[in-house]
Amino acid sequence: MNSQSTPTAYENKALAQALSWRTRQHKQPGLWDRSTRATQDKINNIIPEPVHKTVTAVMKQMTKAIMTGSGWIAGGPRTEGTLEEREKAILDLMKTYRTTAGIEGAVAGAGGFVLAAADLPTLMAIKIKLLFEICAAYGFDSRDPAERLFILRIFHLAFASARQRPAALAALEASIPETDDEPVEIDWRRFQLEYRDYMDVAKLLQLLPVIGAPVGAVVNWRLTSRLAKTAVQAYRLRWFNEV
């Protein structure tokens, strides 16, 4: 990783954005968040049980894949480049992965329930690969189990409910490798439920005729974008903490 005695304008702006993002994670649930909770519970009763089971199974596989798999690694960590140069490369990655996820979602949405259910593990694979690429772009080694735990915490934070975000952020920061703090345990069952709840409304619409394809494209694009943006801010905090 490169370091400079005097921060650049880009670095100052990036740090301000990261700190602002960190503060927003502590924002308490608003009226909208509280009201949608009740609506979400009703929608959960409408979603076909196979969809619920598929999401839960995918989440378990995702956890195992991140912590033990080797197929996600695309080369070692980047060793050169300023923060601005690295983030320009990450922006290109985000565009590529968002497009891929959007196309995949459109195809799945046009295919009805069967393809929509199959879309879940495919979209998950796209997200995991993107996180590993972002990790490497910032100069961290995703082969390290501690780094993989950090990646898992990013995923958790990206899709946590407003009520759970402060705890998810604390877990993320406590899992930074080489910190002295004790890791904060995550209730992975709750994680699965929150991720499922975050997606359920969109995935229900994806099952509907005619609108399934465009909805699938937009949903996958937005989910991938949200995850990438969360990862960028999390790694910015790491970057400034270490550099």
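Residues numbered from 1 in each chain as written. Predicted model: local features only at pLDDT ≥ 70, side-chain atom pairs only at ≥ 80, totals over all residues. Heavy atoms only, no water.

Teacher, can you tell me more about the overall build of the protein chain here?
For the protein chain, the helix and strand inventory stands at nine helices and zero strands. In sequence order, the secondary structure elements of the protein chain are arranged as α-α-α-α-α-α-α-α-α. Split into buried and exposed, the 243 residues of the protein chain put 45% on the buried side. For the protein chain, restricting intrachain contacts to residue pairs at least 6 apart in sequence, the fraction spanning at least 24 positions comes to 82%. Accessible surface, the protein chain as shown: approximately 12300 Å² in total, 57% of it carbon and sulfur. (Helix = DSSP H or I, 4+ residues; strand = E, 2+ residues; numbered from the N terminus. Buried < 20%, exposed > 50% of the residue type's maximum accessible area, 1.4 Å probe, protein only. Contact = heavy atoms within 4.5 Å. Areas by Shrake-Rupley, 256 points an atom, 1.4 Å probe, with all protein chains shown as cover.)

Got a minute to help me understand the packing of aromatic side chains in this structure?
To describe a pair of aromatic rings, one takes the distance between the centres and the angle between the planes. Counted under the stated rule, the structure contains four aromatic pairs. When the centroid spacing of 5.6 Å and the interplanar angle of 25 degrees are considered together, the rings of Phe140 and Tyr235 count as stacked. Taken together, the residues span a long stretch of sequence, with Phe140 in the loop between α5 (112-137) and α6 (145-158) and Tyr235 in helix α9 (residues 212-242) at a distance of 95 residues. Considered together, Phe140 and Tyr235 belong to a single accessibility category, that of buried residues. Their ring planes at 65 degrees and their centres at 5.3 Å tell us that Phe150 and Tyr235 sit as a pair that is edge-to-face. In this pair, Phe150 sits in helix α6 while Tyr235 sits in helix α9, placing the two residues 85 residues apart along the sequence. Here the two residues Phe150 and Tyr235 agree in accessibility, since each one is buried. One aromatic cluster is present, built from ring pairs that chain together Tyr138, Phe140, Phe150 and Tyr235. The residue whose ring lies beneath Arg238 is Phe140, and the NZ or CZ to ring-centre distance is 3.9 Å. The ring of Phe150 is capped by Arg238, whose NZ or CZ atom sits 4.6 Å from the centre of that ring. (Phe/Tyr/Trp six-rings, centres within 6.5 Å; stacked < 30°, edge-to-face > 60°. Lys NZ or Arg CZ within 6 Å of the ring centre and 35° of its normal.)

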